[in-house]
Amino acid sequence: MPTLNLFTNLPVDTVVASDILRDATKAVAKIIGKPESYVMILLNGGVPIAFAGTEEPAAYGELISIGGLGPSVNGKLSSTIAEILQTKLYIDSSRFYIKFYDVQRSFFGFNGSTF
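Cut-offs used in this document
- Residues numbered from 1 in each chain as written.
- Predicted model: local features only at pLDDT ≥ 70, side-chain atom pairs only at ≥ 80, totals over all residues.
- Heavy atoms only, no water.
- Helix = DSSP H or I, 4+ residues; strand = E, 2+ residues; numbered from the N terminus.
- Rg over C-alpha atoms; globule rule 2.2 N^0.38 Å.
- Buried < 20%, exposed > 50% of the residue type's maximum accessible area, 1.4 Å probe, protein only.
- Contact = heavy atoms within 4.5 Å.
- Areas by Shrake-Rupley, 256 points an atom, 1.4 Å probe, with all protein chains shown as cover.
- Salt bridge = Lys/Arg side-chain N within 4 Å of Asp/Glu carboxyl O.
- Expected span 1.5 Å × (residues − 1).
- Arc of directions from axis to C-beta.

Enquirer: Sorry if this is basic, but what is going on with the overall build of the chain here?
Expert: A tally of regular secondary structure across the chain gives two helices and six strands. The N-to-C order of helical and strand elements in the chain reads β-α-β-β-α-β-β-β. Over its C-alpha trace the chain gives a radius of gyration of 14 Å, about what one expects of a compact globule, namely 13 Å for 115 residues. Along the first, second and third principal axes, the C-alpha atoms of the chain reach 40 × 30 × 25 Å. Taken across its 115 residues, the chain has 38% of its residues classed as buried. Taking the intrachain contacts of the chain between residues at least 6 apart in sequence as the baseline, contacts between residues at least 24 apart amount to 79%. Here the chain displays about 6,500 Å² of accessible surface, and carbon together with sulfur accounts for 55% of that area.

Structural data, given as structure tokens:
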């Protein structure tokens, strides 16, 4: 159930989107230590974003997980997701924020119930 929601002000074509979804799924699963079958990645391209007063390429992410997060893991996730965005969309890591949420099981729904 780790869920990564990414927003960028760049348009994202289908091939690049598939690459990002695949790479981010693998990275999140590996770094957090959860199976890929539980990971969800959402990629929202073409979203109006101003960062540091400009509309240059930028991105914002939110990663929600039940456990598995902490200072070391969050640092690895931040650098790895930034690297994926740099490689696939040429977004400089200095123009990317990511927020981490470690939520309780009862705050995350799935299959008509909660975890």
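Having seen the model, we can carry on.
Enquirer: When you look at the pattern of salt bridges in this model, what are you seeing that I'm missing?
Expert: Side-chain pairs of opposite charge can arise whenever the charged atoms involved come near each other. Counted under the stated rule, the structure contains five salt bridges. In this structure, R22 and D23 form a salt bridge, with 3.1 Å as the shortest nitrogen-oxygen distance. R22 sits in the partly exposed class, given a relative accessible area of 41%. Overall, D23 belongs to the partly exposed group, its relative accessible area being 22%. Each of the salt bridges in this network shares a partner with another, and the network as a whole consists of D19, R22, D23 and K88.

Enquirer: Honestly, the environment of I49 in this entry has me stumped. Any pointers?
Expert: Structurally, I49 is set in the loop between β2 (40-44) and β3 (59-65). For I49, a relative accessible area of 17% translates into the label buried. Spatially, the C-alpha atoms of I49 and A27 are 25 Å apart, while their sequence positions differ by 22 residues. Ignoring anything within four residues of it in the chain, the contact list for I49 reads F7, T8, N9, T54, E55, A58 and A59.

Enquirer: Explain helix α2 (residues 71-89) to me, please; I cannot follow it from the model alone.
Expert: Helical periodicity: at 3.6 residues per turn, an α-helix aligns residues three or four positions apart in one direction. Counted at 1.5 Å a residue, the expected span for α2 with its 19 residues is 27 Å, and the 26 Å between its end C-alpha atoms agrees. Along α2, the residues that are buried comprise V73, N74, L77, I81, A82, I84, L85 and L89. Within α2, the buried residues cover an arc of 155 degrees as seen down the axis, which keeps them to one side. Opposite the buried face of α2, by more than 90 degrees, sit the exposed residues P71 and E83. Check the buried side of α2 and you find it contacts β1 (3-8), α1 (14-32), β3 and β4 (96-102). Two residues or fewer after α2 comes Y90, characterised by a positive phi angle close to 60 degrees.

Interpretation note: all reported values are geometric properties and have no functional meaning in isolation.
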